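Structural features, examined
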Amino acid sequence: MDLVKTKWLKVVSFGSLILLAGLLAIGSLADYFFPSNGSTESFYTSPFMLLLWGIAASFSSLLFWHQRHKSNISGNTLHIALIIILLGSFVSHIKGKEGTLDLSTYTQPTNGFFFPNGTIGHLPFSIQLLDSKITQEESNTPTDFVCQLAVYESDGSQKMGEISVNKIFKYKHWRFCLQDVSPHNCSLCVSHDPFGIGITYLGYSLLFIGVILRISKHKKLLKALIRPSLFTAVGIGSGIAFTLLQIDITPVYVLLDHPYILLAAGGGILFFISYFSFLGKQTQITKRVHIALQISLYTIAIWCLAILVLRGSIIQQFPFSGETDIMLLLAFFGCMGGLHFYRRPFLCILFIVLYTLTLFAAAPNGSLPFPQPMPPILRSPLLIFHVTSIIAAYGLLLTTALLSTAALLGHFSENRKLFHFTKALLAPAILLLMAGIFIGAIWGNIAWGSYWSWDPKETWALITLLVYTPLLHHRLLGVFTNRIIFFTYNIFAFIAIIMCYYGVNHLLGGMHSYA
């Protein structure tokens, strides 16, 4: 009886998650091909979708409770955190209020704002715009938009406040964030959610604790992170030094901007390893080959990091504002992966393919586009944590997709090893993806006053997480003991990553289309 009960809990839990992912994808694509004013977001929050989320959460909670003795403290913490986050989201949906408020320095204090349906809401106090300004660099590029506000109580008391792109104004559980600004005018997003945000943030806190506990169990992963962490620390330190000393590094950047030389080197290394590992009859790569491989990978990794540092120094910000920077970061991670697995030819080749493809994507015309100043919304310290975790996850998931493709097409005798390698990489990849998504949600709550707005990038990030969830629970789902099914599912799951990155940027657009 327990086996039958567990089986149905699994079917309903994971089946509802996949159904949710499919419906979210259909809604996102339908909004592109058949544009409608807000009806897609209404679909995402419709009673049917809320019911489906409720079914998924309820049955997943029952399954978690039924299997809790088989999980460790990190797994239990992660599951409890996700349940709390969903609960907080539901409370926000039921009890929260959202609207817009237009202010002008020429008007008197007001307490009225508009709900999305056009009806008027009222604040328990009055608010007035005192001043609005745009701060600029020497190149006349906007760096921030700032508004000075005054709040008036009925008893005559008042409070002054300031609001900017990455800084919301909070007063008595009411939150105000910038939507648009011009001289003497601004448009604010108004929200009131005293309970849901607190519950959700409790879930976020538990989630990050669970991620840290889970990753800390992967000693090999932590060892692998030492090298890229040291490289990154040196790169950040160098970039800060260049900025503080006001050194003009543009000529150095122009000199180093020759990625196709490195692409050729990547292809050469790929052929080099392939020949000695597979085409040749040698079973061991010679020591000289190992040394040559390491020198080449170190050279390319240093080049990628140097270019990123120089690009960041030119714009005086962390250089993660567009596809070029993201591809360079992914290439850097590929080199780090190759260095970590240089004694395992097959894995090393996959990481070389990764950095070669990403370098090609970074500079399809032969040179990198010159770095441009970031929009104000990206000038946040959370940028580096959000982007690096997401891109590291993308790199690992791309590696698992390449491993799965090789296992299915190559019929390698080490199919069992590929199976275990793929499973080993999936857990940290999905955890990093999860952490990156929720760091982005916290950032959105700070910048836009809402941690979720059903923007296409957010929607597809959630779809990606839902699609990969069954793979994270491969031990629980017997269907994934079949390696062909496991590898096939993993390849198709990567389509969600492609859509989340390239599809949203070049097709669906939205607030995140620059990322």
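Remember, it's a predicted structure, so these values are computed and weren't measured experimentally.

About the thresholds
- Counting from 1, residues in each chain are numbered in the order their sequence is written.
- Totals for whole chains, interfaces and linings use every residue, but because this is a predicted model, local features are given only for residues with pLDDT of at least 70 and side-chain atom pairs only at 80 or more, for both listing and counting.
- Side-chain numbers here rest on the full set of heavy atoms in the structure, without hydrogens or water.
- Helical segments are the DSSP runs of H or I of at least four residues, strand segments are the runs of E of at least two, and each set is numbered from the N terminus.
- Relative accessibility decides the category of a residue: with a 1.4 Å probe and only protein chains considered, values under 20% of the type maximum give buried, values over 50% give exposed, and everything between is partly exposed.
- By definition, residues are in contact when any of their heavy atoms lie within 4.5 Å.
- In short, Shrake-Rupley with a 1.4 Å probe defines the accessible areas, and a residue's cover is counted only from the protein chains shown.
- Residue types Ala, Val, Leu, Ile, Met, Phe, Trp, Tyr and Cys, when buried and joined through side-chain atoms within 4.5 Å, form a set referred to as a nonpolar core.
- All axes here are fitted lines through C-alpha atoms, helices being fitted over the stretch that makes contact, and every angle between N-to-C directions spans 0 to 180 degrees.
- Should an angle fall under 35 degrees it is called roughly parallel, over 145 degrees roughly antiparallel, and 65 to 115 degrees roughly perpendicular, with every other angle called oblique.
- Two helices crossing with the near one rotated counterclockwise from the far one by less than a right angle form a left-handed crossing, whereas a clockwise rotation gives a right-handed crossing.
- By the convention adopted, Pro, Cys, Tyr, Trp, Phe, Met, Ile, Leu, Val and Ala count as nonpolar, Lys, Arg, Asp and Glu as charged, and the other residues, Gly among them, as polar.
- pLDDT runs from 0 to 100 and stands for how confident the predictor is about each residue.
- One speaks of a salt bridge when a side-chain nitrogen belonging to Lys or Arg is within 4 Å of a carboxyl oxygen belonging to Asp or Glu.
- Only a pair of cysteine sulfur atoms within 2.5 Å counts as a disulfide in this structure description.
- In a helix, the anticipated span is given by 1.5 Å times the number of residues less one.
- Read the arc as the range of directions from the helix axis to the C-beta atoms.
- Any two strands with at least two DSSP-identified bridges between them are counted as paired.
- Side-chain rings of Phe, Tyr and Trp, where Trp is taken by its six-membered ring, are said to pair if the distance between their centres is within 6.5 Å; with planes under 30 degrees apart they count as stacked, over 60 as edge-to-face, and otherwise as tilted.
- Like-charged residues within 9 Å of one another, or nonpolar side chains (Val, Leu, Ile, Met, Phe, Trp, Tyr) within 5 Å, are grouped into patches, provided each residue has over 30% relative accessible area and no salt bridge.
- The positive count covers Lys and Arg only, the negative count covers Asp and Glu only, and His and the chain ends enter neither.
- To locate a charge, take NZ of a lysine, CZ of an arginine, CG of an aspartate or CD of a glutamate.

**Regarding the overall build of the protein chain**
If you tally the helices and strands in the protein chain, you get 15 helices and 8 strands. Residue burial in the protein chain is summarised as follows: out of 515 residues, 48% are buried. Put simply, of all contacts in the protein chain between residues at least 6 apart along the chain, 71% involve residues at least 24 apart. Looking at the protein chain as shown, the accessible area adds up to about 25,300 Å², and 67% of this sits on carbon and sulfur atoms.

**Description of the nonpolar core**
Leu24, Leu397 and Tyr468 are the most contacted members of the largest nonpolar core, which totals 116 residues. Among the elements that take part in this core, helix α13 (residues 415-447) stands out by supplying 15 residues, more than any other. If we skip the residues at most four places from it in the chain, Leu397 touches Leu426, Ala429, Ile430, Leu433, Tyr468, Phe494 and Ile497. Counting 20 residues, the second largest nonpolar core, distinct from the first, contains Leu101, Phe113, Leu123 and Leu178.

**As for the packing of helix α4 (residues 73-95) against helix α5 (residues 196-216)**
Where α4 contacts α5, the axes come no closer than 7 Å and their chain directions differ by 160°. Taken as axis vectors, α4 and α5 run roughly antiparallel relative to one another. In this structure, α4 meets α5 at a crossing whose hand is left-handed. Within the contact of α4 with α5, the residues separate by chemical class into 17 nonpolar, 10 polar and 1 charged.

**A closer look at the environment of Phe33**
Secondary-structure assignment places Phe33 in helix α1 (residues 2-33). Here Phe33 falls in the exposed class, since its relative accessible area comes to 53%.

**Regarding unusual backbone geometry**
One non-glycine residue with positive phi stands out, namely Lys172, at about 50°. Its place among the elements puts Lys172 in the loop between β6 (169-171) and β7 (174-182).

**Some words on the confidence of the model for the protein chain**
For residues with low pLDDT, the predicted coordinates do not support detailed interpretation. Confidence in the prediction for the protein chain averages 79 pLDDT; 82% of positions are at 70 or higher. When pLDDT is averaged over each element of the protein chain, helix α14 (residues 456-472) comes out on top at 89 and helix α8 (residues 259-279) at the bottom at 62. Note that residues 279-283 has pLDDT below 50 and, in this model, 4 contacts with residues that lie over four places away or in other chains.

**Quick word on the pattern of salt bridges**
For the structure on display, the rule yields 3 salt bridges. A salt bridge links Arg311 to Asp325, with the shortest nitrogen-to-oxygen separation between them at 2.6 Å. Taken together, the residues Arg311 in helix α9 (residues 287-315) and Asp325 in helix α10 (residues 323-340) connect sequence positions 14 residues apart. No difference in accessibility class separates Arg311 from Asp325, as the two residues are buried.

**Thoughts on the state of the cysteines**
Considering all chains together, one arrives at 0 disulfides under this definition. Left without a disulfide partner, Cys335 is nearest to the cysteine sulfur of Cys304, which lies 5.0 Å away. Given a relative accessible area of 0%, Cys335 falls into the buried group.

**Some words on α5**
The first and last C-alpha atoms of α5 sit 30 Å apart over 21 residues, in line with the 30 Å expected at 1.5 Å per residue. Listed in full, the buried residues belonging to α5 are Gly196, Ile197, Thr200, Gly203, Tyr204, Leu207, Gly210, Val211, Arg214 and Ile215. Projection of α5 onto a plane perpendicular to its axis shows the buried side chains occupying an angular sector of 140°, all on one side.

**Here we look at the pairing of strand β8 (residues 185-192)**
β8 sits mainly inside the fold: 7 of its 8 residues count as buried. Two strands pair when backbone bridges link them, and strand β1 (residues 97-104) and β8 are joined in this way by 8 bridges, in the antiparallel orientation. Paired with Glu98 across the two strands is Ser191, which belongs to β8. Remark: 2 residues form the turn of the hairpin made by β7 and β8, two consecutive strands paired antiparallel; His184 in that turn has positive phi of roughly 75°.

**Quick word on the packing of aromatic side chains**
A full pass over the atoms with the stated rule returns 15 aromatic pairs. For the pair Tyr204 and Phe438, a centre-to-centre distance of 5.3 Å together with 50° between the ring planes defines the contact as tilted. With Tyr204 in helix α5 and Phe438 in helix α13, this pair connects stretches of sequence that are 234 residues apart. Residue classification places Tyr204 among the buried residues on the basis of a relative accessible area of 4%. Relative accessible area serves as the criterion here: at 11%, Phe438 is assigned to the buried category.

**Some words on a positive patch on the surface**
A grouping of Arg344, Arg416, Lys417 and Arg483 is seen on the molecular surface, where their side chains present a positively charged patch. Of note, Arg344 is situated in the loop between α10 and α11 (345-362).

**Focus on the pairing of strand β5 (residues 158-164)**
Every regular strand shows the same layout, with side chains that alternate between the two sheet faces. Pairing between strand β4 (residues 142-152) and β5: 7 bridges, direction antiparallel. In the sheet register, Ala150 faces β5, and the bridge partner there is Met160.

**Some remarks on α4**
Across its 23 residues, α4 extends 32 Å between first and last C-alpha, which sits within 8% of the 33 Å expected from 1.5 Å per residue. Taken together, the buried positions of α4 are Ser74, Gly75, Asn76, Thr77, Leu78, Ala81, Ile84, Ile85, Gly88, Val91 and Ser92.

**Regarding the packing of α14 against helix α15 (residues 483-508)**
Viewed as axis vectors pointing N to C, α14 and α15 meet at an angle of 175°, and their least axial separation amounts to 10 Å. The orientation of α14 with respect to α15, classified from their angle, is roughly antiparallel. Here the residues of the contact of α14 with α15 are counted per class, giving 18 nonpolar, 3 polar and 1 charged.

**A short note on the environment of Ser61**
Positionally, Ser61 belongs in helix α3 (residues 47-67). According to the relative accessible area criterion, Ser61 is partly exposed, its value standing at 22%. Note: C-alpha distance between Ser61 and Leu9 (52 residues apart in sequence) is 9.5 Å.

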